[in-house]
Amino acid sequence: MSSEHPQSTAPILQAWSAFLEQTSDAVVLLDAQGVIIGASTPARLMLNRGAEVRGVPFHAFVKCARDHPLADSYCLPNGRSARVRRTMLSDADQRPLGQLLLFTPVTPETPPAEERLDPRELQLREVTLTISSALDIDTILDRVVQLSVDLIGADAGALSLYDPERDCMWIEHEIGISGLVGSGPLLRDTGAVWEFLDGDKSVLLNDYINHPRAIPLLVERNVHAVAAVPIRTPHKLLGALGIYHLQPGRRFTRRDQHLLETVAHQTAVALENARLYQTALKEAERRALLYRASLEFGQALELDALYRAIHRAAARLMPCDTCVIGLFDAERQEVEYVYQVDAVGVWPPGRLPLQRGLLGFIIRTGVSLRITGCDPEIEQWFGAEPFGEGEQPTGSLLAVALCAGGQPIGALSVQAEASNAYTSADLDALEMLAATAVIAIQNARLFGRVQQLATLDPLTGVANRRHFLELAHCEMERAKRYHHPLSLLMIDVDHFKQFNDTYGHLVGDQALRAIAARLRDNLRENDVIGRFGGEEFLVLLPETGLEQALHVAERLRAAIGAQPVPTDEGEVSVSVSIGVASCECAGQPLLVEQLLKRADDALYVAKRRGRNQIQVAPLH
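Below is a short write-up of the structure. (Residues numbered from 1 in each chain as written. Predicted model: local features only at pLDDT ≥ 70, side-chain atom pairs only at ≥ 80, totals over all residues. Heavy atoms only, no water.)

### Structural notes on the nonpolar core
Using the following cut-off: By nonpolar core is meant a set of buried Ala, Val, Leu, Ile, Met, Phe, Trp, Tyr and Cys residues that side-chain atoms within 4.5 Å join together. Burial status follows relative accessibility: with a 1.4 Å probe on protein chains alone, a residue under 20% of its type maximum counts as buried, one over 50% as exposed, and anything between as partly exposed. The way it works is that DSSP assigns letters per residue, a run of H or I at least four long becomes a helix, a run of E at least two long becomes a strand, and they are numbered from the N terminus. Residue contacts are counted whenever heavy atoms from the two residues lie within 4.5 Å of one another.
One finds Phe297, Ile325, Leu402 and Leu433 to be the most contacted residues of the largest nonpolar core, which totals 40 residues. Contributing elements (two or more residues each) for this core: helix H9 (254–299), helix H10 (303–317), strand S12 (322–329), strand S13 (334–342), strand S17 (396–404), strand S18 (407–416) and helix H13 (424–455). In terms of residue count, H13 provides more of this core than any other element does, 10 residues in total. Those residues in contact with phenylalanine 297 that sit more than four places away from it in its chain are Leu306, Ala309, Ile310, Ala313, Leu433, Thr436, Ala437 and Ala440. Counting 31 residues, the second-largest nonpolar core is a separate cluster that includes Val462, Ala511, Ala553 and Val580.

In structure tokens:
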């Protein structure tokens, strides 16, 4: 066997372990390749090999050719003979998962056990094995009802599943009768079904129509007799199985009741097997999705891309009509809602005080929330607030903290419009996703800070000289390609050396920061600001001709000089001189360096003529 074999057979072995422990038959479990992966106690005794049969190909064990039919008689290694009946196991898509082999010992003087069984006993064995051969819950339930009706010789049947959260029964499958499925929940104390469910006993009602707690829906469909049994494990109720006679005078017997109890017991085992198998598959799928998410997170070095990757990963794991990510600003004691997306679209980022909002509650308390039925009273409890007008309603939500080193750095929430959309397993998965996301968020923040150090001037926060020139070359190429105008402003703070000599360099730094802020406040988002060196700034104006550039330059000069700059030494007045150069990018366009030279020449003229003014370089 390859090293991957135990992993590939783990879900099916886990699902069938309960059955192999409980069955009194000699049953061997094979995987899809015919290798023995499990055996019941009677089977191990019959095979006389103990646990060592695991991992052995069955054909090799019984020493026959690989193509020898499994449903046959065999001479076992201990010299005994056995008849083998095979049942194929498959998933919901009918893909083969393995095989169940039922061994019945035979001797020359003793006829096979099947020939000595009562026909209904033999049919019961076939029924229970058939029920047990499925690992899809819907398939099991459908088989149970059909085979039970056939086994007892009833006219109809139905199977209900118990909903522990709502304490009610839901009819899920019906045979020979219509209108029961989808008729709504059977609430506690509604119908005779609860009498035997609460008492954990089966029931025969051969005069059902006259029973004081007969369900009207069954009476309307001419149900005259009912045999019903609970389906349960030792620890919990799973549902109920009922079969019906629709013709007056037909009755169920105690023998029918006992057969139905046997079917119900085997159904409970089969359901648990199926649920274990599906849980194992789902957990394996979740682990794969979380691993895939970790790879995607590692590739997302920008925060916006990372937020989208977190949203995609959450949506693959669970219902996700809305995804919200908030980061904690410890200095301002606020939650910055950096990512808010629902069916309406992307909502703009926003901030709330830590004492308000769902994510603020999560960050303050560090708890994880799973709410399956949201209403205004519950939302008021933790202070949830809408994104804005038109936000989609929330029926269920999960919310978890994003913690690094035991300290909250933010919170993550996924929400669904439907109620009861999330399980505790979903909350566990979101917590694991959040743990992975935290590392990625910290890495992206670190990468962003490194990028800022590499591209921004640390004093003023505008582009440094190298980064400005890179952006300027890109804009020049775009202007050339589309024949758009481009303008450049070179700005110099007047008498800045005297300013520093008078007030000191720290106050001078404060003035430069204030000037950079006023530039940002009076420019478009796509305009580029850079610090060229010392007290000089550059402003690149894409798609802006000379006349427009002059208007912008005058607006900036006025905004900077209109009000004094607040500093530690009080308010001080500053003014700037500006040189303007434009390139219409028609004919032979300028290079960035040429445009800089022309703006610098114009600035020199402005300073020579008295400062606090604008001068224009001749249009190229």
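What follows continues from the structure just given.
### Details of the sheet that holds strand S21 (residues 536–542)
Strand pairing within a sheet occurs via backbone hydrogen bonds; the two strands may be parallel or antiparallel. Stated precisely, the cut-off is as follows: One requirement defines pairing of two strands: DSSP has to find at least two bridges between them. Axis definition: a line fitted to C-alpha atoms, limited for helices to the stretch in contact. Angles are taken between N-to-C directions and run from 0 to 180 degrees.
Within the open sheet, the five strands sit side by side as S20-S21-S19-S24-S25. Their pairing is mixed. The sheet is open, and its two borders are formed by strand S20 (528–533) and strand S25 (614–616), each paired with just one other strand. Looking at each pair of strands side by side, their axes are set apart by 20 degrees on average, direction ignored. In this structure, strand S24 (residues 576–583) lies alongside S25, joined through three bridges in parallel fashion. Residue pairing for S25: glycine 579 is matched across the bridge by glutamine 615.

### A closer look at empty space enclosed by the protein
Operational definition: Both site types are read off a 1 Å grid over the protein atoms alone. A 1.4 Å probe that fits but cannot get out defines a cavity, while an open set with protein on both sides within 12 Å along at least five of seven lines defines a pocket; lining residues have an atom within 4 Å of a point. Grid points are joined across faces, edges and corners, and a volume is the space filled by probe spheres set on the points. Each residue gets one of three labels, nonpolar for Ala, Val, Leu, Ile, Met, Phe, Trp, Tyr, Cys and Pro, charged for Asp, Glu, Lys and Arg, and polar for the others, Gly among them.
Per the counting criterion, the structure on display carries three cavities of 30 Å³ or more. Quantified by volume, the largest cavity comes out at close to 260 Å³. Forming the boundary of the largest cavity are 21 residues, of which Leu186, Val193, Ile215, Leu218 and Tyr244 lie nearest the centre. Of all the elements in the fold, those that place two or more residues in the lining of the largest cavity are strand S6 (156–163), strand S7 (168–175), helix H7 (193–199), strand S9 (203–205), helix H8 (216–220), strand S10 (225–232) and strand S11 (237–245). Ranked by residue count, the leading element in the lining of the largest cavity is S11, at four residues. The residue makeup of the lining of the largest cavity, split by class, is 19 nonpolar, two polar and no charged.

### Brief notes about the sheet that holds strand S8 (residues 186–187)
Read across the open sheet, the six strands follow the order S8-S7-S6-S11-S10-S9; overall the sheet is antiparallel. Strand pairing shows two members of the sheet lacking a second neighbour, S8 and S9, which therefore form its edges. Examined bridge by bridge, S9 and S10 share three bridges and lie antiparallel to one another. Within the sheet, the bridge partner assigned to leucine 204 lies in S10 and is alanine 227.

### A closer look at the packing of aromatic side chains
Our working definition: Only centres within 6.5 Å qualify two rings of Phe, Tyr or Trp (six-membered ring in Trp) as a pair; their planes then separate them into stacked at under 30 degrees, edge-to-face at over 60, and tilted for everything else.
Scanning the entire structure with this criterion turns up three aromatic pairs. Aromatic pair tyrosine 307 and tyrosine 339: ring centres 6.4 Å apart, planes at 50 degrees, arrangement tilted. You can see tyrosine 307 sitting in helix H10 and its partner tyrosine 339 sitting in strand S13, a full 32 residues away along the chain. The pair formed by tyrosine 307 and tyrosine 339 is uniform in burial state, with each residue classed as buried. With centroids separated by 4.9 Å and ring planes inclined at 50 degrees, the aromatic side chains of phenylalanine 499 and tyrosine 503 adopt a geometry described as tilted. Highlighted residues: phenylalanine 499 and tyrosine 503, both in helix H15 (residues 496–503), separated by four residues, approximately one helical turn. Residue class for phenylalanine 499 comes out buried when judged on its relative accessible area of 8%. Residue tyrosine 503 is classed as partly exposed on the basis of its relative accessible area of 34%.

### Looking at the pattern of salt bridges
Where we set the bar: For salt bridges, the criterion is a side-chain nitrogen of Lys or Arg within 4 Å of an Asp or Glu carboxyl oxygen.
Tallying each qualifying case throughout the model produces 21 salt bridges. Residues arginine 316 and glutamate 296 are paired through a salt bridge, measuring 3.3 Å at the closest nitrogen-oxygen approach. In this pair, arginine 316 sits in helix H10 while glutamate 296 sits in helix H9, placing the two residues 20 residues apart along the sequence. Classification of glutamate 296 as buried rests on a relative accessible area of 19%. One salt bridge connects arginine 524 with aspartate 527, and the closest N-O pair in it is separated by 2.6 Å. For arginine 524, a relative accessible area of 39% translates into the label partly exposed. One connected set of salt bridges, linked through shared partners, spans Asp329, Arg332, Glu334, Glu336 and Arg351.

### Section: the pairing of S18
In terms of burial, S18 is a largely internal element, eight of the 10 residues being buried. Bridge count between S12 and S18: six bridges; the pairing is antiparallel. Looking across to S18, one finds that cysteine 323 is bridged to valine 414. Bridge count for S17 against S18 is nine bridges, and the pairing is antiparallel. Counted as the bridge partner of alanine 404 is glutamine 407 from S18. Counting the residues that bridge the hairpin from S17 to S18 gives two residues, and of these glycine 405 lies at a positive phi of roughly 60 degrees.

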